Amino acid sequence: MKIEEIKKDAENEHIPIMLDGGLQFLLDFIKEKDLKDILELGTAVGYSAINMALLDKAIHVDTIEKDKERYLKAKDNIQKARLESQITAYYGVIEEFTINKKYDLIFVDAAKAQYQRYMERFLDNLKMTGYMIFDNMNFHGMVKDPSLTHNRNTKMLVKKIASFQHFVQEDERFDIILKEDIGDGILILRRKK
Ligand SMILES: C[S@@+](CC[C@H](N)C(=O)[O-])C[C@H]1O[C@@H](n2cnc3c(N)ncnc32)[C@H](O)[C@@H]1O
């Protein structure tokens, strides 16, 4: 199955996947930094995991998804792409997921309101030289301009994303880079040397 078909199917079924700009940035970053062991939080149907695995046969992606239908579709897509040896898909909730491995990259693309919790929860799984990347930092422009939404839940979510950004910017443990102009906004975090 071609990656373009997976993308088209996901779009037709209104399954959220990474925007082109954000994905391209992520793939270039993985290549440039030569990252091999990757944990992804938020598989959806495996589109970004498959893209990452296709970069290099030495890359391994562990990825987790809580929605059964999406998880099964991801397994199917991974199998059709013949990437079972490079991608391990887990079914479950991130909040209960534990794994005894260290990663070069932890890519966070799940519940935006939980980013701070995810960051703390998986910090021990990050190699000392590793990176965490968080998607949707702009949340469609609403983080900068909350008046773009009148929905109460969305307003709360946007506030949480802004407060997460503020938190990591102030946190002495990390160096961070915020790329607001890429995809839906990407935040890169690594431990201070
Ligand atoms: C934006 S999508 C992931 C897109 C995927 N990374 C891609 O670009 O192909 C986010 C996914 O995270 C899943 N998710 C959200 N909260 C989760 C949680 N607490 N545990 C596991 N999966 C979760 C959602 O069901 C959804 O499929």
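The structure we're discussing is the one just above.
Residues numbered from 1 in each chain as written. Predicted model: local features only at pLDDT ≥ 70, side-chain atom pairs only at ≥ 80, totals over all residues.

J.: What is the right way to read helix H4 (residues 68-80) from this model?
T.: One turn of an α-helix holds 3.6 residues; hence residues three or four places apart share an orientation. Look at H4: 18 Å from first C-alpha to last across 13 residues, which is about the 18 Å you get at 1.5 Å a residue. Buried within H4 are the following residues: Arg70, Tyr71, Lys73, Ala74, Asn77 and Ile78. Seen along its axis, H4 keeps its buried residues to an arc of 165°; they face one direction. Of the exposed residues in H4, those oriented more than 90 degrees away from the buried face are Lys68 and Glu69. As for H4, its buried residues are in contact with helix H1 (3-12), helix H3 (47-53), strand E2 (60-65) and strand E3 (87-91). (Helix = DSSP H or I, 4+ residues; strand = E, 2+ residues; numbered from the N terminus. Expected span 1.5 Å × (residues − 1). Buried ≥ 20, exposed ≤ 12 C-beta atoms within 10 Å, placed from the backbone. Arc of directions from axis to C-beta. Contact = placed C-beta atoms within 7 Å.)

J.: Explanation requested: the site of the ligand in the structure shown.
T.: Looking at the ligand, there are 18 residues lining it, with Gly42, Ala44, Tyr47, Ser48 and Lys66 nearest. Across the shell around the ligand, the residue classes break down as 10 nonpolar, two polar and six charged. (Near = placed C-beta within 6 Å. Nonpolar A, V, L, I, M, F, W, Y, C, P; charged D, E, K, R; others polar.)

J.: What should I look at first to understand the pairing of E3 in this one?
T.: Within a regular beta strand, the side chains point alternately toward one face of the sheet and then the other, so they alternate between its two faces. In terms of strand pairing, E2 meets E3 through five bridges, oriented parallel. From the neighbouring strand, threonine 63 faces E3, where its bridge partner is alanine 89. Between the parallel elements E2 and E3, the chain passes through H4 in a crossover that is right-handed. (Pairing = 2+ DSSP bridges. Right-handed = clockwise from strand over helix to strand, strands pointing away.)

J.: Please clarify how helix H2 (residues 20-33) should be interpreted in this entry.
T.: Taking 1.5 Å per residue as the helical rise, H2 with its 14 residues ought to reach 20 Å, and the 20 Å between its terminal C-alpha atoms agrees with that figure. The set of residues buried in H2 consists of Gly22, Phe25, Leu26 and Ile30. Around the axis of H2, the buried residues are gathered within 130° of arc, so they sit on the same side. Facing away from the buried side of H2, by more than 90 degrees, are the exposed residues Asp20, Asp28, Lys31 and Glu32.

J.: Looking at this model, I keep getting lost on unusual backbone geometry. Mind explaining?
T.: Among all residues save glycine, negative phi is the norm, and among peptide bonds the norm is trans. The backbone of alanine 44 sits at a positive phi, close to 50°, despite the residue not being glycine. Along the polypeptide, alanine 44 turns up in the loop between strand E1 (37-41) and H3.

J.: Got a minute to help me understand the nonpolar core in this structure?
T.: The tendency in soluble globular proteins is for nonpolar side chains to be buried side by side. In this structure, Ile38, Ile50, Leu105, Ile106, Val108, Met132 and Ile133 are the most contacted members of the largest nonpolar core, which totals 49 residues. The contacts of isoleucine 133, once residues within four sequence positions are left out, are Leu26, Leu105, Phe107, Val108, Ile186 and Ile188. (Core = buried A, V, L, I, M, F, W, Y, C linked by C-beta atoms within 7 Å.)

J.: Which parts of the structure should I look at to understand the sheet that holds strand E4 (residues 103-108)?
T.: Two orientations exist for strands paired in a sheet by backbone hydrogen bonds: parallel and antiparallel. Strand order in the open sheet formed by seven strands is E3-E2-E1-E4-E5-E7-E6, with mixed pairing between adjacent strands. Edge positions in the open sheet fall to E3 and strand E6 (174-179), since each of these has one partner strand only. Put simply, the sheet's adjacent strands are angled 15° from each other on average, direction ignored. Packed on one face of the sheet, helix H6 (residues 152-170) meets E6 and strand E7 (186-191) and runs near 140° to E6. (Axes fitted to C-alpha atoms, helices over the stretch in contact; angles between N-to-C directions.)

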